[in-house]
Amino acid sequence: MVQNKLQSYVPVCDLVADSRPDGALVSFGSCLDDCVKTWADFVHDVSKVRYFLESTDNQSWILHCEDSYYFTVALLAMLQSGRKALVTANRQEAFIKEIMKPEYGFLTDMPFSDDSAMMIQKVLASDKYSGEIKFSKFDKSKAEMVMFTSGTTGEPKAVYKRFLQFENELFELVKVFGNDWINRKVYSTVNHHHIYGLLFTALLPIATGLPFRRHRIDFPTELNSLTDESIVMASSPAFLKRLSAETDKPIGFKCPPIIYSSGGPLPVDVARSSSVLTDFWPMEIYGSTETGGIAYRQSKNGPVWTPFEVCKMSVAENGCLNIKSSYILESEGFTTGDLVELYDDGRFLLQGRADSIVKIEEKRISLPEVENRLKQTGLVQDVRVVPMDGKRQYLAAAIVLNEAGREKFASAAKLAINNYFHDFLLQFIENTVSPKKWRYLEELPQNTEGKIRVRDIQALFNLPENPNFKILKFRREPGVLTAKLLFPTTSGYYDGHFPEFKLLPAVAQVDMVLRLARNFLDVPKALSKIHRTKFAGPILPDVPVILNVKYDADAAKVSFNYTLVPTAEDETPKVLSNGSFTMNPEESLG
């Protein structure tokens, strides 16, 4: 059922029931024969969801579906029925409650804590929402969407769109890249709730007739099972960094994949390594939720970006890039936060973010300059330098060592590592603006868009360093924290528990939950009540564990569990302990 050629491009707003053959493949599961959906299935499912939507009074619907097929079905049903789609990658309870209004509906494919959500599977399984097929064109200039995004600061932001903006961009993408996609299937390592993933893994496949996989590729090793396939893969710097770090020989694709990368800068060394492993140098897309795709490049040809034909570039008064295009509705265009050097032919070179220039002790310093100097040591895979406020302002650096760095510092004390990087920087910058605090992680924290947020790095440094534990990596979203921790043999937490067989005591486990929850999730300081806590397995010295923490602000309740780190990708983590407690928002620790 795989198409032999790229079907004719049909704008999403112009799709009708007979736009494709009934048997044309639309989507598939992890294996081509798994969870297959044809065009006839797609038309039928969109129709059923339309019947459901039109049976309600809700004109705006929050939409989150992990399954790309369910997501695309729901989105098309909303657009065709005149509903506003509020697309969010974040379905944490605290965030949904924050954006929910009484007149909104909520459609998802994942269980939710209360009855505010409707499961799309329930809609599709019901005989109630059937009848003559409803699948029709819609007015792209009237169809509305809202996309929730967060930039480097991490503050949630609602970006309002008309669907014509997406249609204009789809046309441009097909014009530039469409010929490369013939005879291919679409795979993704990114979230389709953000604009890049939405365009490349949902809208483009539907508009061009290319089949797409229903679920993301989560692990680089999954690529080994796709060597016989001809694929287009929407990816990100985060995934390609993992691919480069975890893969030591070419994957062996019979047909080199087409790989796109967006969501942040792709280091040239990572692009080069990806090329060696896949036989394709990634094509980078530069853009944002507000602007859509602005430009593209393959860094093997240099650092300069080529704008899409419809994007007209200029330099704003603050030195940042301004874009006007057919998918930006504002007549004045949109001014980014990126400093730029603009060439006469319209191409441009990015020169860092305007907010990346800070003052420390009245001295101006470029954060990317410090980061690039640290990478020049040849020991750093990734780094973020952030400004911090204390008794005085200073810089702090979060570093991920590469293999050479890990080997060099394998037995070194942390102070010695700090001093090495500090002394190296003094060759290029003054001591006043050199980082004063350092952390070494397995990877930098990223949100669902693959972006590294300044405030997450700052939160790490707001937590006082403690020799009793190490944070190896972490990720946080509203009300949720996941952290990989290690308690060294030298940790004072093990004193007295027990000399012959050291175990992390319950009080230390609870203290760690409170410590991290207060720092990363803004949990009240005062503890009101500890509920039943279960300890099922020991937390041993020098054995990494995963701590998952959730905070329900309405109930002032913290729940947690510690698990072992899975040794295989499909392994269910073993729970070592779990429990919950209630905080007292009215009191502080004084």
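Residue numbers restart at each chain and count upward from 1, following the sequence in its written direction. pLDDT decides what is reported in this predicted model: residues at 70 or higher carry local features, side-chain atom pairs at 80 or more are listed and counted, and totals for whole chains, interfaces and linings draw on all residues regardless. Side-chain metrics rest on all non-hydrogen atoms present in the structure, leaving aside hydrogens and water.

Engineer: Residue-level account of the nonpolar core, with values.
Structural biologist: The definition of a nonpolar core used throughout is a set of buried Ala, Val, Leu, Ile, Met, Phe, Trp, Tyr and Cys residues joined through side-chain atoms within 4.5 Å. Partly exposed residues are those whose accessible area sits between 20% and 50% of the maximum for their type, while under 20% is buried and over 50% is exposed, using a 1.4 Å probe and protein chains only. Core analysis: the biggest nonpolar cluster contains 98 residues, and Phe42, Phe200 and Tyr260 have the highest contact counts within it. The criterion used for residue contact is that any of the two residues' heavy atoms lie within 4.5 Å. In this structure, Phe42 is in contact with Val26, Tyr69, Thr72, Val73, Leu76, Phe135 and Ile206, ignoring residues within four places of it in sequence. Counting 46 residues, the second largest nonpolar core, distinct from the first, contains Leu441, Leu444, Leu460 and Val545.

Engineer: Describe the packing of aromatic side chains, and please don't skip the residues or the numbers.
Structural biologist: Stacked, tilted and edge-to-face are the three classes assigned to paired rings of Phe, Tyr and Trp, where Trp is represented by its six-membered ring and a pair needs centres within 6.5 Å; plane angles under 30 degrees give stacked, over 60 edge-to-face, the rest tilted. Counted according to the given criterion, the structure contains 32 aromatic pairs. Both rings, one in Tyr286 and one in Trp305, keep their centres 5.5 Å apart while their planes meet at 45 degrees; by these two values the pair is tilted. Placement of Tyr286 in strand S13 (residues 283-288) and of Trp305 in the loop between strand S14 (292-297) and strand S15 (306-307) is noted, with a sequence separation of 19 residues between them. Taking 5.4 Å as the distance between ring centres and 70 degrees as the angle between the ring planes, the aromatic pair formed by Phe409 and Tyr420 counts as edge-to-face. Put simply, DSSP marks the helices as runs of H or I at least four residues long and the strands as runs of E at least two long, and each gets a number from the N terminus on.

Engineer: Please provide a residue-by-residue account of the sheet that holds strand S24 (residues 437-440), values included.
Structural biologist: Pairing between strands is defined by DSSP: at least two bridges between them are needed. An order of S22-S23-S24 is seen for the three strands of this open sheet, with the pairing classed as mixed. Both outer strands of the open sheet, strand S22 (380-389) and S24, are each paired with one neighbouring strand and no more. When the angles between neighbouring strand axes are averaged without regard to direction, this sheet yields 20 degrees. Direction of pairing for S22 relative to strand S23 (residues 393-401): antiparallel, over a ladder of nine bridges. Looking across to S23, one finds that Val380 is bridged to Leu401. For helices, the axis comes from a line fit to the C-alpha atoms of the stretch in contact; other axes are also lines fit to C-alpha atoms, and the angle between any two N-to-C directions lies between 0 and 180 degrees.

Engineer: Please provide a residue-by-residue account of helix H9 (residues 367-375), values included.
Structural biologist: Taken residue by residue, H9 has Leu367, Val370, Glu371 and Leu374 as its buried positions. Along the axis of H9, the buried residues cluster in a sector spanning 100 degrees; they form a single face. On the buried face of H9, the contacting elements are strand S20 (357-360), strand S21 (363-366), S22, S23, helix H11 (414-425) and S24. Each direction from the helix axis to a C-beta atom contributes to the arc, which is the arc of those directions.

Engineer: Please provide a residue-by-residue account of empty space enclosed by the protein, values included.
Structural biologist: Put plainly, a pocket is an open set of points on a 1 Å grid over the protein atoms alone with protein on both sides within 12 Å along at least five of seven lines, a cavity is a set where a 1.4 Å probe fits but cannot get out, and a lining residue has an atom within 4 Å of a point. Grid points are joined across faces, edges and corners, and a volume is the space filled by probe spheres set on the points. Throughout the structure, instances matching the rule amount to three cavities of 30 Å³ or more. Its volume calculated, the second largest cavity comes out at about 80 Å³. In terms of residue class, the lining of the second largest cavity is made up of eight nonpolar, two polar and one charged. Classes in brief: Ala, Val, Leu, Ile, Met, Phe, Trp, Tyr, Cys and Pro nonpolar; Asp, Glu, Lys and Arg charged; the others, Gly included, polar.

Engineer: Talk me through the confidence of the model for the protein chain; I want residue IDs and the actual numbers.
Structural biologist: Caution is warranted with low-pLDDT regions, since their predicted coordinates should not be read in detail. pLDDT runs from 0 to 100 and stands for how confident the predictor is about each residue. Confidence in the prediction for the protein chain averages 91 pLDDT; 96% of positions are at 70 or higher. Long-range and interchain partners of residues 1-5, a stretch whose pLDDT sits below 50, account for 15 contacts in this model, where long-range means more than four residues apart.

Engineer: So what's going on with the layout of surface pockets? Residues and values would help.
Structural biologist: Each pocket or cavity is described by its volume, and for the second largest pocket that value is around 170 Å³. Lining the second largest pocket, in full, are Lys157, Val159, Tyr160, Lys161, Arg162, Gln165, Glu290, Tyr327, Ile328, Leu329, Glu330 and Phe334. Element by element, the count of residues in the lining of the second largest pocket is highest for strand S8 (residues 157-162), at five residues. In terms of residue class, the lining of the second largest pocket is made up of six nonpolar, one polar and five charged.

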